[in-house]
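# Report on the structure
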Amino acid sequence: MNELDGIKIRRKKLKRIRSPMQDRISNLPWNTLDCILCHLPIRDAVRTSLLSKSWRYKWVTLSKLVFNYRSGNLEVDSLGEYELVNLVHRVLLAHCGQIDEFKLSTYNSISSSDVDHWISYLTKNDIRRLSLIFGFYPEMYELPPCIFSCQQITHLCINNCLLKPPLEFKGFDSPVSLNLESFSIDTIELERLIRSCPVLERLVLTNIISLPLFKVYGPNLKYLFLEGNFGDIHLENCSLLTDISFQMTSDGLESRQEFEEGSAYRLIQALGCLCGLRHLTFSCVFLKYLALSKGPEKLHVYKHLKALELSMNSYDLDEVVVAVLLLSGSSSLQELYISACNDVHVTHRPINFLDKLQANCYFNALRVVEIILHGYNSEQNSIPCWRLELEVIKFLLSRSPILEKMIIQMFGQGIQLHRLFMGELLEFERASPRVVITFFP
(Lines give C-alpha, C1' and ligand atoms only; values in the text may rest on other atoms or scores of the structure.)
Protein backbone atom coordinates (compact mmCIF):
# COMPACT_ATOMS: atom_id res chain seq x y z
CA MET A 1 0.00 0.00 0.00
CA ASN A 2 1.46 3.36 -1.06
CA GLU A 3 1.46 6.61 0.88
CA LEU A 4 -1.55 8.01 -1.02
CA ASP A 5 -3.75 5.06 -0.03
CA GLY A 6 -2.75 5.52 3.60
CA ILE A 7 -3.81 9.19 3.50
CA LYS A 8 -7.23 8.24 2.07
CA ILE A 9 -7.81 5.67 4.82
CA ARG A 10 -6.91 8.19 7.52
CA ARG A 11 -9.30 10.76 6.00
CA LYS A 12 -12.15 8.22 6.06
CA LYS A 13 -11.50 7.49 9.73
CA LEU A 14 -11.50 11.22 10.53
CA LYS A 15 -14.83 11.65 8.73
CA ARG A 16 -16.35 8.85 10.85
CA ILE A 17 -15.09 10.48 14.04
CA ARG A 18 -16.30 13.96 13.06
CA SER A 19 -19.70 12.78 11.82
CA PRO A 20 -22.57 13.52 14.24
CA MET A 21 -23.47 10.67 16.60
CA GLN A 22 -26.71 8.88 15.86
CA ASP A 23 -29.59 9.92 18.15
CA ARG A 24 -30.75 6.55 19.39
CA ILE A 25 -32.97 7.81 22.22
CA SER A 26 -35.22 9.95 20.01
CA ASN A 27 -35.94 6.97 17.78
CA LEU A 28 -37.14 4.78 20.63
CA PRO A 29 -40.83 3.76 20.69
CA TRP A 30 -43.06 6.26 22.48
CA ASN A 31 -44.02 3.85 25.28
CA THR A 32 -40.31 3.51 26.10
CA LEU A 33 -39.73 7.28 26.02
CA ASP A 34 -42.83 7.81 28.14
CA CYS A 35 -41.48 5.37 30.73
CA ILE A 36 -38.14 7.22 30.81
CA LEU A 37 -39.71 10.66 31.17
CA CYS A 38 -42.14 9.49 33.85
CA HIS A 39 -39.19 8.49 36.03
CA LEU A 40 -37.84 12.04 35.93
CA PRO A 41 -38.95 14.85 38.26
CA ILE A 42 -41.66 16.80 36.46
CA ARG A 43 -39.43 19.87 36.12
CA ASP A 44 -36.68 17.85 34.41
CA ALA A 45 -39.23 16.23 32.12
CA VAL A 46 -40.39 19.70 31.01
CA ARG A 47 -36.79 20.79 30.44
CA THR A 48 -36.35 18.08 27.80
CA SER A 49 -38.26 20.42 25.47
CA LEU A 50 -35.00 22.36 25.09
CA LEU A 51 -33.07 19.40 23.64
CA SER A 52 -34.28 19.73 20.06
CA LYS A 53 -37.34 20.48 17.95
CA SER A 54 -38.40 16.83 18.03
CA TRP A 55 -38.36 16.92 21.85
CA ARG A 56 -40.22 20.20 22.24
CA TYR A 57 -43.64 18.69 22.88
CA LYS A 58 -42.85 15.18 24.04
CA TRP A 59 -43.44 15.97 27.73
CA VAL A 60 -46.97 17.25 27.11
CA THR A 61 -48.17 13.71 26.41
CA LEU A 62 -46.80 12.12 29.58
CA SER A 63 -49.09 9.43 30.95
CA LYS A 64 -47.94 9.99 34.55
CA LEU A 65 -47.74 13.32 36.38
CA VAL A 66 -46.13 13.36 39.83
CA PHE A 67 -45.94 16.46 42.00
CA ASN A 68 -44.13 14.99 44.96
CA TYR A 69 -42.30 16.77 47.78
CA ARG A 70 -39.62 14.10 47.37
CA SER A 71 -39.32 14.53 43.59
CA GLY A 72 -35.68 15.47 43.32
CA ASN A 73 -35.17 19.01 42.05
CA LEU A 74 -38.84 19.87 42.18
CA GLU A 75 -38.94 20.36 45.96
CA VAL A 76 -42.69 20.96 46.04
CA ASP A 77 -42.63 21.98 49.69
CA SER A 78 -40.06 24.69 48.95
CA LEU A 79 -42.62 26.37 46.72
CA GLY A 80 -45.23 28.73 48.07
CA GLU A 81 -48.93 28.07 47.59
CA TYR A 82 -49.12 30.34 44.54
CA GLU A 83 -46.04 28.82 42.87
CA LEU A 84 -47.26 25.25 43.40
CA VAL A 85 -50.78 25.96 42.17
CA ASN A 86 -49.38 27.84 39.18
CA LEU A 87 -47.06 24.94 38.35
CA VAL A 88 -49.83 22.33 38.38
CA HIS A 89 -52.15 24.63 36.40
CA ARG A 90 -49.55 25.23 33.69
CA VAL A 91 -48.69 21.54 33.33
CA LEU A 92 -52.34 20.47 33.09
CA LEU A 93 -53.18 23.24 30.61
CA ALA A 94 -50.29 22.30 28.34
CA HIS A 95 -50.90 18.58 28.60
CA CYS A 96 -52.68 16.69 25.85
CA GLY A 97 -53.55 13.03 25.66
CA GLN A 98 -54.36 10.43 28.27
CA ILE A 99 -53.26 10.87 31.90
CA ASP A 100 -53.16 7.42 33.48
CA GLU A 101 -51.71 8.49 36.84
CA PHE A 102 -51.72 11.73 38.81
CA LYS A 103 -50.00 12.12 42.17
CA LEU A 104 -49.90 15.18 44.40
CA SER A 105 -47.99 14.91 47.67
CA THR A 106 -47.31 18.08 49.64
CA TYR A 107 -47.41 19.68 53.04
CA ASN A 108 -48.32 23.05 51.56
CA SER A 109 -51.73 24.57 52.15
CA ILE A 110 -53.69 24.59 48.89
CA SER A 111 -57.08 26.07 48.23
CA SER A 112 -59.80 23.43 47.99
CA SER A 113 -61.21 25.11 44.89
CA ASP A 114 -57.91 24.64 43.04
CA VAL A 115 -57.77 20.94 43.89
CA ASP A 116 -61.42 20.61 42.88
CA HIS A 117 -60.58 22.02 39.44
CA TRP A 118 -57.71 19.58 39.01
CA ILE A 119 -59.80 16.56 40.01
CA SER A 120 -62.63 17.69 37.72
CA TYR A 121 -60.19 17.91 34.81
CA LEU A 122 -58.66 14.52 35.62
CA THR A 123 -61.98 12.70 35.98
CA LYS A 124 -63.16 14.08 32.64
CA ASN A 125 -60.00 12.63 31.09
CA ASP A 126 -60.59 9.16 32.57
CA ILE A 127 -57.85 9.14 35.19
CA ARG A 128 -57.01 5.61 36.33
CA ARG A 129 -54.58 6.06 39.25
CA LEU A 130 -55.15 9.02 41.58
CA SER A 131 -53.09 9.82 44.68
CA LEU A 132 -53.75 12.86 46.86
CA ILE A 133 -51.52 13.17 49.93
CA PHE A 134 -51.97 16.30 51.98
CA GLY A 135 -49.69 16.69 54.98
CA PHE A 136 -50.65 18.12 58.32
CA TYR A 137 -53.56 20.19 57.13
CA PRO A 138 -55.62 22.00 59.78
CA GLU A 139 -58.76 20.75 58.05
CA MET A 140 -59.43 17.70 55.92
CA TYR A 141 -59.91 18.19 52.22
CA GLU A 142 -63.38 17.08 51.12
CA LEU A 143 -63.32 15.08 47.92
CA PRO A 144 -65.65 16.55 45.26
CA PRO A 145 -68.63 14.44 44.11
CA CYS A 146 -67.16 14.06 40.61
CA ILE A 147 -64.55 11.62 41.94
CA PHE A 148 -67.32 9.13 42.73
CA SER A 149 -68.58 9.21 39.16
CA CYS A 150 -65.21 8.27 37.64
CA GLN A 151 -65.69 4.61 36.83
CA GLN A 152 -62.26 4.18 35.23
CA ILE A 153 -60.32 4.53 38.51
CA THR A 154 -58.32 1.42 39.38
CA HIS A 155 -56.10 2.82 42.16
CA LEU A 156 -57.22 5.47 44.65
CA CYS A 157 -54.90 6.73 47.39
CA ILE A 158 -55.94 9.64 49.61
CA ASN A 159 -54.53 11.15 52.79
CA ASN A 160 -56.18 13.61 55.18
CA CYS A 161 -59.40 13.68 53.19
CA LEU A 162 -63.09 13.65 53.96
CA LEU A 163 -65.23 11.23 51.96
CA LYS A 164 -68.94 11.87 51.46
CA PRO A 165 -70.24 9.61 48.68
CA PRO A 166 -73.45 11.02 47.15
CA LEU A 167 -76.69 9.13 47.71
CA GLU A 168 -76.83 8.10 44.05
CA PHE A 169 -73.31 6.58 44.26
CA LYS A 170 -73.48 2.93 43.14
CA GLY A 171 -69.80 2.13 43.51
CA PHE A 172 -66.76 1.93 41.28
CA ASP A 173 -66.60 -0.62 38.50
CA SER A 174 -62.89 -1.35 38.45
CA PRO A 175 -60.94 -0.25 41.57
CA VAL A 176 -58.15 -2.75 42.20
CA SER A 177 -56.50 -0.83 45.05
CA LEU A 178 -57.99 1.47 47.70
CA ASN A 179 -55.64 3.24 50.12
CA LEU A 180 -57.16 5.59 52.72
CA GLU A 181 -55.01 7.31 55.35
CA SER A 182 -56.11 9.77 58.04
CA PHE A 183 -59.54 9.79 56.47
CA SER A 184 -63.00 10.54 57.74
CA ILE A 185 -66.09 8.69 56.57
CA ASP A 186 -69.19 7.23 58.14
CA THR A 187 -68.73 3.52 58.92
CA ILE A 188 -71.83 2.52 56.96
CA GLU A 189 -70.66 4.58 53.97
CA LEU A 190 -67.22 2.97 54.13
CA GLU A 191 -68.73 -0.51 54.13
CA ARG A 192 -70.97 0.48 51.22
CA LEU A 193 -67.97 1.88 49.36
CA ILE A 194 -66.01 -1.36 49.76
CA ARG A 195 -68.97 -3.62 49.05
CA SER A 196 -69.63 -1.73 45.82
CA CYS A 197 -66.13 -2.55 44.54
CA PRO A 198 -66.46 -6.22 43.50
CA VAL A 199 -63.01 -6.40 41.87
CA LEU A 200 -61.13 -4.77 44.76
CA GLU A 201 -57.89 -6.68 45.43
CA ARG A 202 -56.01 -4.40 47.83
CA LEU A 203 -57.49 -2.48 50.79
CA VAL A 204 -55.30 -0.30 53.03
CA LEU A 205 -56.79 1.74 55.88
CA THR A 206 -54.18 3.54 57.99
CA ASN A 207 -54.37 5.99 60.87
CA ILE A 208 -57.99 5.03 61.44
CA ILE A 209 -59.58 7.62 63.71
CA SER A 210 -62.53 5.52 64.88
CA LEU A 211 -63.89 2.29 63.44
CA PRO A 212 -65.52 0.33 66.30
CA LEU A 213 -67.24 -2.26 64.13
CA PHE A 214 -66.16 -2.97 60.56
CA LYS A 215 -67.43 -5.49 58.06
CA VAL A 216 -65.05 -6.30 55.21
CA TYR A 217 -66.64 -7.73 52.09
CA GLY A 218 -64.27 -8.66 49.29
CA PRO A 219 -64.79 -11.64 46.98
CA ASN A 220 -61.56 -10.69 45.14
CA LEU A 221 -59.68 -9.12 48.06
CA LYS A 222 -56.11 -10.43 48.41
CA TYR A 223 -54.42 -7.85 50.66
CA LEU A 224 -55.89 -6.24 53.79
CA PHE A 225 -54.08 -3.72 56.01
CA LEU A 226 -55.74 -2.03 59.00
CA GLU A 227 -53.90 0.37 61.32
CA GLY A 228 -55.26 2.67 63.99
CA ASN A 229 -58.28 2.82 66.28
CA PHE A 230 -60.48 -0.05 65.13
CA GLY A 231 -62.47 -2.65 67.01
CA ASP A 232 -64.32 -5.75 65.91
CA ILE A 233 -63.58 -6.99 62.38
CA HIS A 234 -65.97 -9.21 60.45
CA LEU A 235 -64.71 -10.87 57.25
CA GLU A 236 -67.42 -11.69 54.73
CA ASN A 237 -66.73 -13.58 51.51
CA CYS A 238 -62.96 -12.94 51.70
CA SER A 239 -61.75 -16.41 50.75
CA LEU A 240 -58.98 -15.13 48.42
CA LEU A 241 -57.09 -13.18 51.10
CA THR A 242 -53.38 -14.03 51.09
CA ASP A 243 -51.84 -11.16 53.10
CA ILE A 244 -53.35 -9.60 56.24
CA SER A 245 -51.92 -6.99 58.62
CA PHE A 246 -53.66 -5.74 61.77
CA GLN A 247 -52.04 -2.93 63.74
CA MET A 248 -54.31 -1.82 66.55
CA THR A 249 -53.54 1.24 68.67
CA SER A 250 -54.17 1.41 72.41
CA ASP A 251 -57.22 3.60 71.72
CA GLY A 252 -58.71 0.79 69.69
CA LEU A 253 -58.07 -1.68 72.50
CA GLU A 254 -59.82 0.54 75.02
CA SER A 255 -62.84 1.10 72.79
CA ARG A 256 -63.01 -2.62 72.09
CA GLN A 257 -64.05 -3.27 75.73
CA GLU A 258 -67.55 -2.17 74.82
CA PHE A 259 -68.10 -5.13 72.50
CA GLU A 260 -68.79 -8.81 72.95
CA GLU A 261 -66.00 -10.75 74.60
CA GLY A 262 -65.80 -13.56 72.03
CA SER A 263 -65.38 -11.35 68.98
CA ALA A 264 -61.59 -11.74 68.92
CA TYR A 265 -61.97 -15.52 68.99
CA ARG A 266 -64.42 -15.41 66.06
CA LEU A 267 -61.93 -13.34 64.07
CA ILE A 268 -59.21 -15.92 64.75
CA GLN A 269 -61.55 -18.66 63.57
CA ALA A 270 -62.34 -16.73 60.40
CA LEU A 271 -58.63 -16.22 59.67
CA GLY A 272 -57.96 -19.90 60.21
CA CYS A 273 -60.53 -20.78 57.56
CA LEU A 274 -58.72 -18.77 54.87
CA CYS A 275 -56.94 -21.51 52.93
CA GLY A 276 -55.05 -18.98 50.80
CA LEU A 277 -53.64 -16.99 53.72
CA ARG A 278 -49.83 -16.88 53.40
CA HIS A 279 -48.66 -13.77 55.29
CA LEU A 280 -50.07 -12.60 58.63
CA THR A 281 -49.01 -9.57 60.71
CA PHE A 282 -50.20 -8.69 64.22
CA SER A 283 -48.66 -5.46 65.52
CA CYS A 284 -48.99 -2.87 68.29
CA VAL A 285 -51.53 -4.14 70.85
CA PHE A 286 -53.33 -6.64 68.64
CA LEU A 287 -51.98 -9.64 70.56
CA LYS A 288 -53.44 -8.12 73.72
CA TYR A 289 -56.74 -7.83 71.87
CA LEU A 290 -56.57 -11.54 71.04
CA ALA A 291 -55.74 -12.35 74.66
CA LEU A 292 -59.12 -10.90 75.63
CA SER A 293 -60.92 -13.70 73.76
CA LYS A 294 -62.67 -16.57 75.52
CA GLY A 295 -59.48 -18.56 75.82
CA PRO A 296 -56.11 -18.53 74.04
CA GLU A 297 -56.10 -22.32 74.07
CA LYS A 298 -58.84 -22.17 71.42
CA LEU A 299 -56.75 -20.32 68.83
CA HIS A 300 -57.25 -21.76 65.37
CA VAL A 301 -54.63 -23.72 63.45
CA TYR A 302 -53.05 -21.97 60.46
CA LYS A 303 -51.92 -24.86 58.30
CA HIS A 304 -51.27 -22.80 55.17
CA LEU A 305 -49.45 -19.83 56.70
CA LYS A 306 -45.94 -19.22 55.33
CA ALA A 307 -44.86 -15.97 57.05
CA LEU A 308 -45.82 -14.54 60.44
CA GLU A 309 -44.92 -11.14 61.92
CA LEU A 310 -45.64 -10.41 65.59
CA SER A 311 -45.16 -7.32 67.72
CA MET A 312 -45.63 -7.79 71.47
CA ASN A 313 -44.81 -6.64 74.96
CA SER A 314 -42.76 -9.51 76.32
CA TYR A 315 -43.38 -8.41 79.90
CA ASP A 316 -47.09 -9.14 79.32
CA LEU A 317 -47.43 -12.88 79.78
CA ASP A 318 -50.86 -12.95 78.11
CA GLU A 319 -49.37 -11.61 74.87
CA VAL A 320 -46.47 -14.07 75.00
CA VAL A 321 -48.85 -17.00 75.51
CA VAL A 322 -50.95 -15.94 72.51
CA ALA A 323 -47.82 -15.52 70.38
CA VAL A 324 -46.50 -18.99 71.22
CA LEU A 325 -49.89 -20.59 70.63
CA LEU A 326 -50.11 -18.89 67.24
CA LEU A 327 -46.71 -20.33 66.42
CA SER A 328 -47.70 -23.80 67.55
CA GLY A 329 -50.69 -23.72 65.20
CA SER A 330 -48.64 -22.68 62.16
CA SER A 331 -47.12 -25.98 61.09
CA SER A 332 -46.13 -24.82 57.58
CA LEU A 333 -44.45 -21.60 58.71
CA GLN A 334 -41.29 -20.70 56.76
CA GLU A 335 -40.51 -17.18 57.99
CA LEU A 336 -40.99 -15.69 61.45
CA TYR A 337 -40.45 -12.07 62.51
CA ILE A 338 -40.85 -11.01 66.14
CA SER A 339 -40.48 -7.55 67.66
CA ALA A 340 -40.56 -7.71 71.48
CA CYS A 341 -40.50 -4.77 73.88
CA ASN A 342 -39.44 -5.33 77.50
CA ASP A 343 -39.26 -2.07 79.42
CA VAL A 344 -40.44 -3.32 82.81
CA HIS A 345 -38.04 -4.61 85.46
CA VAL A 346 -39.40 -8.13 86.01
CA THR A 347 -37.03 -10.98 86.89
CA HIS A 348 -39.52 -13.74 87.77
CA ARG A 349 -41.83 -14.27 84.81
CA PRO A 350 -43.29 -17.81 84.57
CA ILE A 351 -41.99 -19.80 81.61
CA ASN A 352 -43.44 -23.22 82.40
CA PHE A 353 -46.17 -22.77 79.77
CA LEU A 354 -43.53 -23.51 77.13
CA ASP A 355 -43.09 -27.02 78.52
CA LYS A 356 -46.64 -27.90 77.52
CA LEU A 357 -45.76 -27.31 73.87
CA GLN A 358 -42.39 -29.09 73.84
CA ALA A 359 -43.79 -32.58 73.28
CA ASN A 360 -45.73 -32.12 70.03
CA CYS A 361 -44.74 -28.73 68.59
CA TYR A 362 -42.25 -28.72 65.70
CA PHE A 363 -41.56 -26.20 62.96
CA ASN A 364 -40.60 -28.55 60.16
CA ALA A 365 -40.72 -25.86 57.45
CA LEU A 366 -39.23 -22.89 59.33
CA ARG A 367 -36.14 -21.48 57.61
CA VAL A 368 -35.77 -17.84 58.68
CA VAL A 369 -36.28 -16.24 62.11
CA GLU A 370 -35.66 -12.57 62.90
CA ILE A 371 -36.11 -11.30 66.47
CA ILE A 372 -35.80 -7.67 67.55
CA LEU A 373 -35.58 -7.00 71.29
CA HIS A 374 -36.19 -3.54 72.74
CA GLY A 375 -35.31 -2.66 76.33
CA TYR A 376 -35.23 0.86 77.74
CA ASN A 377 -34.85 0.20 81.46
CA SER A 378 -31.35 0.53 82.94
CA GLU A 379 -32.27 -2.06 85.59
CA GLN A 380 -32.65 -4.76 82.90
CA ASN A 381 -28.92 -5.20 82.42
CA SER A 382 -28.98 -8.82 83.61
CA ILE A 383 -29.93 -12.18 82.13
CA PRO A 384 -32.83 -12.91 84.56
CA CYS A 385 -34.72 -9.94 83.10
CA TRP A 386 -34.50 -11.56 79.65
CA ARG A 387 -34.98 -15.21 80.62
CA LEU A 388 -38.39 -15.48 78.97
CA GLU A 389 -37.08 -14.12 75.65
CA LEU A 390 -34.13 -16.52 75.83
CA GLU A 391 -36.44 -19.46 76.47
CA VAL A 392 -38.54 -18.57 73.41
CA ILE A 393 -35.35 -18.47 71.31
CA LYS A 394 -34.25 -21.79 72.78
CA PHE A 395 -37.67 -23.25 72.03
CA LEU A 396 -37.46 -22.19 68.38
CA LEU A 397 -33.91 -23.48 67.91
CA SER A 398 -34.73 -26.88 69.38
CA ARG A 399 -37.89 -27.36 67.31
CA SER A 400 -36.80 -26.20 63.84
CA PRO A 401 -34.91 -29.01 62.06
CA ILE A 402 -34.29 -27.15 58.76
CA LEU A 403 -33.74 -23.65 60.16
CA GLU A 404 -31.14 -21.81 58.08
CA LYS A 405 -30.89 -18.32 59.58
CA MET A 406 -31.70 -16.68 62.89
CA ILE A 407 -31.06 -12.94 63.28
CA ILE A 408 -31.28 -11.34 66.72
CA GLN A 409 -31.06 -7.60 67.31
CA MET A 410 -31.02 -6.01 70.77
CA PHE A 411 -31.51 -2.30 71.37
CA GLY A 412 -31.23 -0.16 74.46
CA GLN A 413 -28.83 -2.34 76.49
CA GLY A 414 -25.15 -2.27 77.40
CA ILE A 415 -22.18 -4.29 76.15
CA GLN A 416 -22.07 -6.42 79.29
CA LEU A 417 -25.58 -7.78 78.70
CA HIS A 418 -24.82 -8.36 75.02
CA ARG A 419 -21.89 -10.61 75.95
CA LEU A 420 -23.94 -12.53 78.50
CA PHE A 421 -26.75 -12.89 75.97
CA MET A 422 -24.40 -14.30 73.33
CA GLY A 423 -22.95 -16.70 75.89
CA GLU A 424 -26.44 -18.05 76.56
CA LEU A 425 -27.12 -18.46 72.85
CA LEU A 426 -24.02 -20.59 72.41
CA GLU A 427 -25.30 -23.08 74.99
CA PHE A 428 -28.64 -23.72 73.29
CA GLU A 429 -29.33 -26.99 71.50
CA ARG A 430 -29.95 -26.64 67.77
CA ALA A 431 -32.17 -29.04 65.86
CA SER A 432 -30.77 -27.79 62.55
CA PRO A 433 -27.05 -28.50 61.94
CA ARG A 434 -26.72 -25.67 59.39
CA VAL A 435 -28.44 -22.81 61.17
CA VAL A 436 -26.43 -19.57 61.29
CA ILE A 437 -27.15 -17.30 64.24
CA THR A 438 -26.33 -13.60 63.80
CA PHE A 439 -26.45 -11.28 66.81
CA PHE A 440 -26.48 -7.51 66.39
CA PRO A 441 -25.96 -5.59 69.66
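Residues numbered from 1 in each chain as written. Predicted model: local features only at pLDDT ≥ 70, side-chain atom pairs only at ≥ 80, totals over all residues. Heavy atoms only, no water.

## Considering a nonpolar patch on the surface
Heads up, the condition is: Patch membership requires over 30% relative accessible area and the absence of a salt bridge. Like charges are linked within 9 Å, and nonpolar side chains (Val, Leu, Ile, Met, Phe, Trp, Tyr) within 5 Å. All accessible areas in this document rest on Shrake-Rupley with a 1.4 Å probe, and a residue is counted as covered only by the protein chains that are shown. Take a side-chain nitrogen of Lys or Arg and a carboxyl oxygen of Asp or Glu: if they are within 4 Å of each other, that pair is a salt bridge. Put simply, DSSP marks the helices as runs of H or I at least four residues long and the strands as runs of E at least two long, and each gets a number from the N terminus on. The buried label goes to any residue with under 20% of its type's maximum accessible area, the exposed label to any with over 50%, and the partly exposed label to all in between, with areas taken from a 1.4 Å probe on protein chains only.
On the surface, a nonpolar cluster with roughly 240 Å² of combined accessible area is contributed by Ile25, Leu28 and Ile36. Within the fold, Leu28 resides in the loop between helix H1 (3-18) and helix H2 (30-38). The class for Leu28 is partly exposed, based on a relative accessible area of 32%.

## Things to note about the UniProt feature "domain: F-box" (unreviewed entry) in the protein chain
To keep it simple, the criterion reads: UniProt positions are given in the numbering used here, feature names are shortened, and annotations may be inferred rather than shown by experiment.
UniProt records the feature "domain: F-box" (unreviewed entry) at residues 25-62, using the numbering of this structure. A distance of 16 Å separates the end C-alpha atoms of residues 25-62, which is 39% helix and 0% strand.

## Here's the deal with unusual backbone geometry
Here the phi dihedral of Ser182 falls at roughly 50°; this positive angle occurs in a residue that is not glycine. Looking at where Ser182 falls in the secondary structure, it is placed in the loop between strand S7 (177-181) and helix H6 (187-195). A positive phi angle, near 55°, is found at Asn237, a position not held by glycine. Assignment of secondary structure puts Asn237 in the loop between strand S9 (223-236) and strand S10 (243-248).

## Quick word on the side chain of Thr123
Quick note on the threshold: Contact criterion: two residues are considered in contact whenever any of their non-hydrogen atoms come within 4.5 Å of each other.
Inspection of the secondary structure puts Thr123 in helix H5 (residues 112-124). Its relative accessible area of 13% is what places Thr123 among the buried residues. In contact with Thr123, other than residues within four places in its own chain, are Cys146, Ile147 and Cys150.

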